[in-house]
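This is what each chain is made of:
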Amino acid sequence: MNRINSITFSKNSELQTIEREVFNASTIERFTIPIHMTKIGDCAFSHCKILKRAENSSKFRTSNKWKISFNNSSIESFPIPPHLTSIGDFAFSFCKRLHQIEIKENAELKSVGRCVFFSTPIKSFFIPSTLIEIRDG
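Residues numbered from 1 in each chain as written. Predicted model: local features only at pLDDT ≥ 70, side-chain atom pairs only at ≥ 80, totals over all residues. Heavy atoms only, no water.

This part is about the overall build of the protein. Looking only at helices and strands, the protein features zero helices and ten strands. Taken from the N to the C terminus, the helices and strands of the protein come in the order β-β-β-β-β-β-β-β-β-β. Of all 137 residues assigned to the protein, the portion counted as buried reaches 42%. Looking at the protein alone, contacts between residues at least 24 apart form 39% of all its contacts between residues at least 6 apart. Counting every atom, the protein has about 7300 Å² of accessible surface; 50% of that belongs to carbon and sulfur. (Helix = DSSP H or I, 4+ residues; strand = E, 2+ residues; numbered from the N terminus. Buried < 20%, exposed > 50% of the residue type's maximum accessible area, 1.4 Å probe, protein only. Contact = heavy atoms within 4.5 Å. Areas by Shrake-Rupley, 256 points an atom, 1.4 Å probe, with all protein chains shown as cover.)

One pass over the full model with this rule turns up zero disulfides. Note on C48: no disulfide assigned, nearest cysteine sulfur contributed by C95 at a separation of 9.9 Å. Residue classification places C95 among the buried positions, given a relative accessible area of 0%. (Disulfide = S-S within 2.5 Å.)

So, on to the environment of P82. If you trace the backbone, P82 turns up in the loop between β6 (77–79) and β7 (86–87). For the pair formed by P82 and E102, sequence separation is 20 residues and the distance between their alpha carbons is 9.7 Å.

The next point concerns the confidence of the model for the protein. Put simply, the protein has an average pLDDT of 84, and 90% of its residues get 70 or more. Considering each helix and strand of the protein separately, the mean pLDDT is smallest for strand β5 (residues 53–56), with a value of 79, and largest for strand β10 (residues 133–134), with 93. (pLDDT = per-residue confidence, 0-100.)

Below, the discussion takes up the packing of aromatic side chains. Scanning all chains against the criterion turns up eleven aromatic pairs. Here the aromatic rings of F23 and F31 are separated by 6.4 Å at their centres, their planes lie at 50 degrees, and the arrangement is tilted. We note that F23, like F31, is buried. Measuring from ring centre to ring centre gives 5.1 Å for F70 and F78, while their planes differ by 55 degrees; the resulting arrangement is tilted. Exposure remark for F70: the relative accessible area of 0% places this residue in the buried category. Among the aromatic residues, those joined into a cluster by ring pairs are F9, F23, F31, F45, F70, F78, F92, F117 and F125. (Phe/Tyr/Trp six-rings, centres within 6.5 Å; stacked < 30°, edge-to-face > 60°.)

Structure (structure tokens):
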């Protein structure tokens, strides 16, 4: 069996979408979000037990709601792209090692879905002035 440790895209990559379950339960350890990425589909990185880092080179203009994209992975921190407007339901739920969500002061985040950080050890969360909705759970 081949193991994928990291995914890297060229600096001028035009990739905009990663569809549902593309890397679900894979052996990926690190992922860099391409600059033109606009959507990460449901369960794209769910159950990635050794995924620890996601790096951000993305401008993320829209998000089309991340749903359970990173749930039950081993991600330890995640930089929210500054132009991301919403984080969908259960996006980081059951991430037992998630301690830090990095949100810049100039973030455009408007909505945080249901149970986004359910069963995670996250200790603090910066709320940008643009945030207008935090759903239950």
